[in-house]
Amino acid sequence: MQLLISPLAEQDLEQIADFIAQDQPLRALSFVQALHKQCKNIAMQPQIYRLRTELGSDIRSCAYGHYVIFFAAQEQELHIIRVLHGSRDIHAALNESQH
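About the criteria used
Residues numbered from 1 in each chain as written. Predicted model: local features only at pLDDT ≥ 70, side-chain atom pairs only at ≥ 80, totals over all residues. Heavy atoms only, no water. Helix = DSSP H or I, 4+ residues; strand = E, 2+ residues; numbered from the N terminus. Contact = heavy atoms within 4.5 Å. Core = buried A, V, L, I, M, F, W, Y, C linked by side-chain atoms within 4.5 Å. Buried < 20%, exposed > 50% of the residue type's maximum accessible area, 1.4 Å probe, protein only. Pairing = 2+ DSSP bridges. Axes fitted to C-alpha atoms, helices over the stretch in contact; angles between N-to-C directions. Salt bridge = Lys/Arg side-chain N within 4 Å of Asp/Glu carboxyl O.

Colleague: So what about the environment of I59? Which residues, and what values?
Modeller: Note on placement: I59 falls in strand β3 (residues 59-64). When the C-alpha positions of I59 and A72 are compared, they lie 4.9 Å apart, and in sequence the two are 13 residues distant. The residues contacting I59, other than those within four sequence positions of it, are R50, L51, R52, F70, F71 and I81.

Colleague: Tell me about the nonpolar core, residues and numbers included.
Modeller: A general tendency of soluble globular proteins is for nonpolar side chains to be buried together. One finds I16, L35, I42, I69, F71, I80 and V83 to be the most contacted residues of the largest nonpolar core, which totals 20 residues. At the level of elements, α1 (7-21), α2 (25-44), β4 (67-73) and β5 (77-85) are the ones that each hand at least two residues to this core. The leading source of residues in this core is α2, at 7 residues. Once residues lying within four places of it in the same chain are set aside, the contact partners of I69 are L35, Q38, C39, I42, R60, S61, C62, Y64, I80, R82 and V83. Listed in part, the 10 residues of the second largest apolar core include F70, A72, I81 and I90.

Colleague: Go over the environment of I48, please, and point to the residues and values.
Modeller: One can find I48 in the loop between α2 and β2 (50-51). In the structure, I48 is positioned 12 residues away from R60 in sequence and 9.3 Å away in space, judged by C-alpha atoms.

Colleague: Could you give me a rundown of the sheet that holds β5, with the residues and numbers involved?
Modeller: Strand order across the open sheet formed by 5 strands is β1-β5-β4-β3-β2, with mixed pairing between neighbours. Here the strands that pair on one side only, and so sit at the sheet edges, are β1 (2-5) and β2. Strand direction decides the pairing type here: β3 and β4, joined by 6 bridges, are antiparallel. Within β4, the residue paired with I59 across the bridge is A72. Set on the sheet, α1 makes contact with β1, β4 and β5; between it and β5 the angle comes to about 40 degrees.

Colleague: Summarise the pattern of salt bridges; cite the residues concerned and give the values.
Modeller: All told, the structure shown has 2 salt bridges when counted by the stated rule. Among the ionic pairs, D12 bridges to R82, the shortest N-O distance being 2.7 Å. Residue D12 is found in helix α1, and its partner R82 is found in strand β5; the two are separated by 70 residues along the sequence. With a relative accessible area of 3%, D12 lands in the buried category. Judged by its relative accessible area of 2%, R82 falls in the buried class.

Purely geometric numbers; function is a separate question.
This is how it looks when you write it as structure tokens:
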């Protein structure tokens, strides 16, 4: 399955790294690498993750630490939509993604 990361999700990952790097520069890199690895893991079995119909008909999510990876799986592609801190207003952030 091909893994596609949206521009907003890439921006999310950069912001996560920047935030962590303020206090722990080395951890910032390793954490973002771990998030990328988790995205690859999701691609192996996307159907096992929680379907989030309140956010969209085909949106699923995977919690990773304090963050949540939102994605949509097609037959041959996994689209990472956003990577957001769990305390964020998820509905507002995902609506931002659709505009």
